[in-house]
Amino acid sequence: ERKQKEDELKMAYAELHKIQAELIESEKLAAIGILASGVAHEIRNPLAVILQGVNFLENRLKPCPKNISEILNLIKDNIRRSDNTIQGILNFSRKTELSKQKEDIKSMIESSLLLVQHKIKLGNIEISRQLQADLPEIIVNRQKIEQALVNILLNAIEAIPGGGKIFIRVYLKKLEEITNVVGRRKDDLFVLGEQSLIVEIEDTGAGISKENTDKLFLPFFTTKGPNKGVGLGLSVTRNIMLMHRGAIEIISQEGKFTKVVLTFKIGGVE
Ligand code: ADP
Ligand code: MG
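What counts and how
Residues numbered from 1 in each chain as written. Chains lettered and ligands numbered in written order. Predicted model: local features only at pLDDT ≥ 70, side-chain atom pairs only at ≥ 80, totals over all residues. Heavy atoms only, no water. Near = heavy atom within 4 Å. Polar contact = N/O pair within 3.5 Å; in protein donor to acceptor, adjacent residues only side chain to side chain. Areas by Shrake-Rupley, 256 points an atom, 1.4 Å probe, with all protein chains shown as cover. 1 Å grid on protein atoms, 1.4 Å probe; cavity = no way out; pocket = protein on both sides within 12 Å on 5 of 7 lines; lining within 4 Å. Sits in = over half its atoms within 2 Å of the grid points. Helix = DSSP H or I, 4+ residues; strand = E, 2+ residues; numbered from the N terminus. Nonpolar A, V, L, I, M, F, W, Y, C, P; charged D, E, K, R; others polar. Pairing = 2+ DSSP bridges. Axes fitted to C-alpha atoms, helices over the stretch in contact; angles between N-to-C directions. Contact = heavy atoms within 4.5 Å. Patch = residues over 30% accessible without salt bridge, like charges linked within 9 Å, V, L, I, M, F, W, Y side chains within 5 Å. Salt bridge = Lys/Arg side-chain N within 4 Å of Asp/Glu carboxyl O. Points joined across faces, edges and corners; volume = space filled by probe spheres on them. Expected span 1.5 Å × (residues − 1). Buried < 20%, exposed > 50% of the residue type's maximum accessible area, 1.4 Å probe, protein only.

## Digging into the site of ligand 1
Link 1 in the chain: Around ligand 1, a shell composed of 18 residues is seen, among which T222, T223, K224, G231 and L234 lie nearest.
Link 2 in the chain: Separating an oxygen atom of ligand 1 from a backbone N or O atom of V230 is a distance of 3.0 Å.
Link 3 in the chain: Burial of ligand 1 by the protein amounts to 92% of the accessible area it has alone, namely 530 Å².
Link 4 in the chain: The cavity where ligand 1 resides is the largest pocket.
Link 5 in the chain: Contributions of two or more residues to the shell around ligand 1 are made by α5 (142-159) and α6 (233-243).
Link 6 in the chain: Ranked by the residues each element gives to the shell around ligand 1, the list is headed by α5, at three residues.
Link 7 in the chain: Split by residue class, the shell around ligand 1 holds eight nonpolar, eight polar and two charged.

Dropping the structure here:
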């Protein structure tokens, strides 16, 4: 029987490694997408300016001598070619349509906890759940939300090296305060008075210093040193929340706690 348990453990461990590797790959891919689309925009704007300049010259030189007209057309062709290439990159890096369906937040939290279970045990960490009863389902991509939760849980675990507590709270909240994501305008993520589902993950760890609070979501920002942190967890997590038109906020006090607050739309988005 012991042998069988050992084998089971080995298999679970191998599975875990595989999932971890996949997570890292998807973080990397997402970061490349962000970089590529940033660069693409930077190149597209100057190209548009060049094209305008060529059009202007063409108009000024009317009737245009043949050899000059040929050169102007050559320039325009090449601008178009570059623009097509960039459009291709943008299409590639654009968030692919997510398949979303009704999911139960509690079960997504439990699955994510399972993935980091061994670290929780090793780290001497106690998990405290405060989950409101009768929560509605939310329309999300399960894999993505679990990836986001795992990223946040890993950060919490890594912030309490000597052991400590992680609180997980889930509750409904009517958004009655204007913030940077709640407002009255059409393009605000949430409208004032909207009912939302909140997931809080709070740890009793090292906290975040004032100077770092603005940098947390930058791709590749990490305080964990080489071979430890890649600095993509939070930027990927924020992207995932944006794909669901949800929000993420981090509240922390150095040396005391860090609380990550996720706000989900109820009913979800298309
Ligand atoms: P990584 O974990 O690879 O460093 P992340 O994007 O996940 O990258 O996090 C970026 C940085 O934010 C971390 O290096 C750390 O400084 C800080 N951070 C994130 N979560 C926490 C937390 N729960 N407690 C303290 N610091 C945190
Ligand atoms: Mg991380």
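## Comments concerning the sheet that holds strand β9 (residues 257-265)
Link 1 in the chain: If you walk across this open sheet you meet the five strands as β2-β4-β7-β9-β8, and the pairing is mixed. Here the strands that pair on one side only, and so sit at the sheet edges, are β2 (125-131) and β8 (247-253). Averaged over all adjacent pairs, the angle separating strand axes in this sheet is 15°, with direction ignored.
Link 2 in the chain: Bridge analysis of β2 against strand β4 (residues 164-174) gives seven bridges, and the strand direction is parallel. Bridge pairing in β4 links E126 to K165.
Link 3 in the chain: The sheet contacts of α5 involve β2, β4, β7 (195-203) and β9, and relative to β7 the element is tilted by about 30°.

## Topic: a nonpolar patch on the surface
Link 1 in the chain: A cluster of nonpolar residues, F56, L57, L61 and I68, forms a patch on the protein surface that exposes about 330 Å² of accessible area.
Link 2 in the chain: For L57, the location among the structural elements is in helix α1 (residues 2-60).

## A closer look at the side chain of N141
Link 1 in the chain: Position of N141 relative to the elements: it lies in the loop between β3 (138-140) and α5.
Link 2 in the chain: Separated by 3.0 Å, the side chain of N141 and the backbone nitrogen of K144 make a polar contact.
Link 3 in the chain: Here N141 is in contact with L98, S99, K100 and H244, once residues within four sequence places are set aside.

## Observations concerning empty space enclosed by the protein
To find leftover empty space, one rolls a probe the size of a water molecule over the atoms.
Link 1 in the chain: Across all of its chains, the model carries one cavity of 30 Å³ or more by this definition.
Link 2 in the chain: In this structure, the largest cavity spans a volume of roughly 80 Å³.
Link 3 in the chain: Lining the largest cavity are L16, I19, Q20, L23, L115, V116, H118, K119, V150 and L154.
Link 4 in the chain: Breaking the lining of the largest cavity down by element, the ones donating at least two residues are α1, α4 (117-122) and α5.
Link 5 in the chain: For the lining of the largest cavity, the element with the most residues is α1, which contributes four residues.
Link 6 in the chain: Among the residues making up the lining of the largest cavity, the classes are represented as seven nonpolar, two polar and one charged.

## Re α5
Link 1 in the chain: In this model, α5 (18 residues) spans 26 Å end to end at C-alpha, consistent with the 26 Å of a helix rising 1.5 Å per residue.
Link 2 in the chain: Among all positions of α5, only I145, E146, Q147, A148, L149, V150, N151, I152, L153, A156, I157 and A159 are buried.
Link 3 in the chain: Measuring from the backbone nitrogen of Q143 back to the side-chain oxygen at the start of α5 gives 3.2 Å, which picks out N141 as the cap.

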